[in-house]
There are 2 protein chains.
Amino acid sequence: MITNRNCIIRLSRYKNALYRLRDLGFVKVFSDNLADAIGVTASQVRKDFSLFGITGNRKGGYEIASLLEKLGGILGKDRVERVIIVGAGHLAYALMHYRGFEKEGIKIEAAFDIDPLKFAKNAQIPVLPIEEMKDFVVSNNVKVGVLAVPEIGAQRAADTMFAAGIKGILNFAPLRLKAPNDCTINNVNLEIELENLVYFVNILGKKGEDKI
Amino acid sequence: MITNRNCIIRLSRYKNALYRLRDLGFVKVFSDNLADAIGVTASQVRKDFSLFGITGNRKGGYEIASLLEKLGGILGKDRVERVIIVGAGHLAYALMHYRGFEKEGIKIEAAFDIDPLKFAKNAQIPVLPIEEMKDFVVSNNVKVGVLAVPEIGAQRAADTMFAAGIKGILNFAPLRLKAPNDCTINNVNLEIELENLVYFVNILGKKGEDKI
DNA sequence: ACTTTATTGTGATTTAATTCACAACAAGTT
DNA sequence: AACTTGTTGTGAATTAAATCACAATAAAGT
Ligand SMILES: NC(=O)c1ccc[n+]([C@@H]2O[C@H](COP(=O)([O-])OP(=O)(O)OC[C@H]3O[C@@H](n4cnc5c(N)ncnc54)[C@H](O)[C@@H]3O)[C@@H](O)[C@H]2O)c1
Ligand SMILES: NC(=O)c1ccc[n+]([C@@H]2O[C@H](COP(=O)([O-])OP(=O)(O)OC[C@H]3O[C@@H](n4cnc5c(N)ncnc54)[C@H](O)[C@@H]3O)[C@@H](O)[C@H]2O)c1
């Protein structure tokens, strides 16, 4: 069981690159094409595949269609993944209006909020009272949720999600959530992303100055 | 010069944990407190600090105020970082209305778009025609930008940003941007984040089944 | 049929990151 | 003043990840 996050992220990138190549009319691909496409070495590509038992044809490379199928299987893209959002604020609004998830087999089914002003029972993606979350999650067998409530209420909201049966949270609130250990948290911390970017811009800037 | 991204991200997390501790009234902290707070080992904390020449007091731990100052210096938080957004769509709207960046010393100064319907010259954060970006970036000495345009226009928009003098891009478009090598790209790919989450939820679920 | 060429698949090696382990030492205690 | 305790700081050891290197081999050419 591979638990190297970077490795799994590379699989997603291979998949995306393969979609592009396929749509361009390509049928086969070599490890070095994929390597170029996502910016890693060709051995990294082959090693990643080897880890998951994906094989190609010596001399002949890999067949794109079959590769996509295998990667899809590993990444759970063989069926549509139903997802909910908790906290129907600005960020949720952007996510709910984004068309890009569907083509990845990710379907945002509903959002939940505490603020009655946000409720929209009959919208395309309904916004429902948080009290209805548990029933919804159970009856739709939802396993993954996005957490987009303010920091102050985030841990409590997460606990409600876990209690409802959610096993994975994509967390936008800038704190470290405590979670049961059969549950996964992926954090998207935009403050930290920007701060990190600033650091690298600064050190690259300084490196430039040194050369003078 | 430390270029280990995870290490720099940990510095940000230490800093955030330290803010909390300080606001709770603490004055000193030990490496194991910080370790607990962000979920790493105490040696990791000390090693990280050691790498940047940060020292504490044997037996006495670290003084929070001085630690914050040093971390701030390393992460470039000793002054406000001016940032622009290119693409004033849904995501940009969420970012522009988010109050959380300011307390981190990150100020979104303006957004730029090609769609005249989006222009808002006199808004608190103005939305301006993309043609005005270069002047703005030069005269405000902006080094960092957020890219939030659709995938199809992303590389072109990025090139315009580089030409204007931007040295770091936080990229939300789901593609790999080509960039000059004195420039840094940090990608936030939400499709991949969700896909990754689904993978880990699936394998943890399967692990559970095995035990039966 | 035989040779050349191109590419995979993976064990061995290297490099990078993390953890270990403990000497150094400051602060308190007897 | 000697002893105890608790914590840092870091070199050494370990672990994890990436890269190298090349045998295996399929396809194409002669
Ligand atoms: N908007 C951004 O650009 C941005 C950037 C970085 C981080 N974040 C983080 O993302 C999260 C969401 O940000 P946002 O801008 O969308 O916030 P927002 O204030 O626009 O929306 C938050 C929503 O959550 C709802 N809510 C509050 N408590 C709740 C609860 N217990 N259960 C259900 N709903 C609840 C509120 O009614 C509101 O509708 C925050 O944690 C924020 O720190 C946002
Ligand atoms: N909204 C989301 O939740 C979400 C999720 C994942 C990824 N993304 C990615 O983030 C990016 C932005 O998403 P969004 O939902 O805000 O899109 P959006 O369509 O709401 O907004 C895009 C904006 O960019 C402007 N634009 C287009 N070309 C431009 C150019 N060359 N220069 C300047 N402006 C230009 C458009 O006029 C529009 O206002 C996209 O690449 C999208 O794939 C968004």
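Below you will find a few notes about this structure. The structure presented is a predicted model; accordingly, all values stated were derived computationally and were not measured.

**A closer look at the sheet that holds strand β5 (residues 127-129) of chain A**
All names here are of chain A. Taken in spatial order, the six strands of this open sheet run β5-β4-β3-β6-β7-β8, and their pairing is parallel. Edge positions in the open sheet fall to β5 and β8 (184-187), since each of these has one partner strand only. With direction set aside, neighbouring strand axes in the sheet form an average angle of 25°.

**Some thoughts on the protein's contact with DNA strand C**
Every one of the 21 residues lining DNA strand C counts as a neighbour, but S31, R46, G56, R58 and K59 of chain A are closest to it. The share of sugar and phosphate among atoms of DNA strand C within 4 Å of the protein is 60%. Interatomic distance of 2.5 Å between a backbone N/O atom of G56 of chain A and a phosphate oxygen of DNA strand C. Note that a phosphate oxygen of DNA strand C is positioned 3.3 Å from one of the side-chain N or O atoms of T41 of chain B. Contributions of two or more residues to the surface near DNA strand C are made by α3 (42-51) of chain A together with α3 (42-51) of chain B. Top contributing element to the surface near DNA strand C by residue count: α3 of chain B, with four residues. Its residues placed into classes, the surface near DNA strand C shows two nonpolar, ten polar and nine charged.

**A short note on the relation of the copies chain A and chain B**
The two copies are related by a screw motion: chain A maps onto chain B through a turn of 180° and a shift of 0.0 Å along the axis, at an RMSD of 0.0 Å. One copy is carried onto the other by what is essentially a two-fold rotation axis. Comparing interface residues between copies, 100% of those in chain A also sit at the interface in chain B, which points to an isologous, same-surface contact.

**Looking at the interface of chain A and chain B**
Facing 68 residues of chain A, the contacting portion of chain B comprises 68 residues. Of the roughly 5,800 Å² buried between chain A and chain B, counting both surfaces, carbon and sulfur atoms make up 65%. Counting the surface chain A buries against chain B, the share from its top three residues, L194, E195 and Y199 of chain A, is 12%. Between the two partners, chain A and chain B, sit eight salt bridges. A salt bridge links E195 of chain A to K77 of chain B; its shortest N-O distance comes to 2.9 Å. Run the count over chain A and chain B and you get 22 residue pairs in polar contact (both at pLDDT 80 or more).

Scoring rules and cut-offs
- Residues numbered from 1 in each chain as written.
- Chains lettered and ligands numbered in written order.
- Predicted model: local features only at pLDDT ≥ 70, side-chain atom pairs only at ≥ 80, totals over all residues.
- Heavy atoms only, no water.
- Pairing = 2+ DSSP bridges.
- Helix = DSSP H or I, 4+ residues; strand = E, 2+ residues; numbered from the N terminus.
- Axes fitted to C-alpha atoms, helices over the stretch in contact; angles between N-to-C directions.
- Near = heavy atom within 4 Å.
- Polar contact = N/O pair within 3.5 Å; in protein donor to acceptor, adjacent residues only side chain to side chain.
- Nonpolar A, V, L, I, M, F, W, Y, C, P; charged D, E, K, R; others polar.
- Least-squares fit on C-alpha atoms with pLDDT ≥ 70 in both.
- Contact = heavy atoms within 4.5 Å.
- Buried area = accessible area lost by both parts, 1.4 Å probe.
- Salt bridge = Lys/Arg side-chain N within 4 Å of Asp/Glu carboxyl O.

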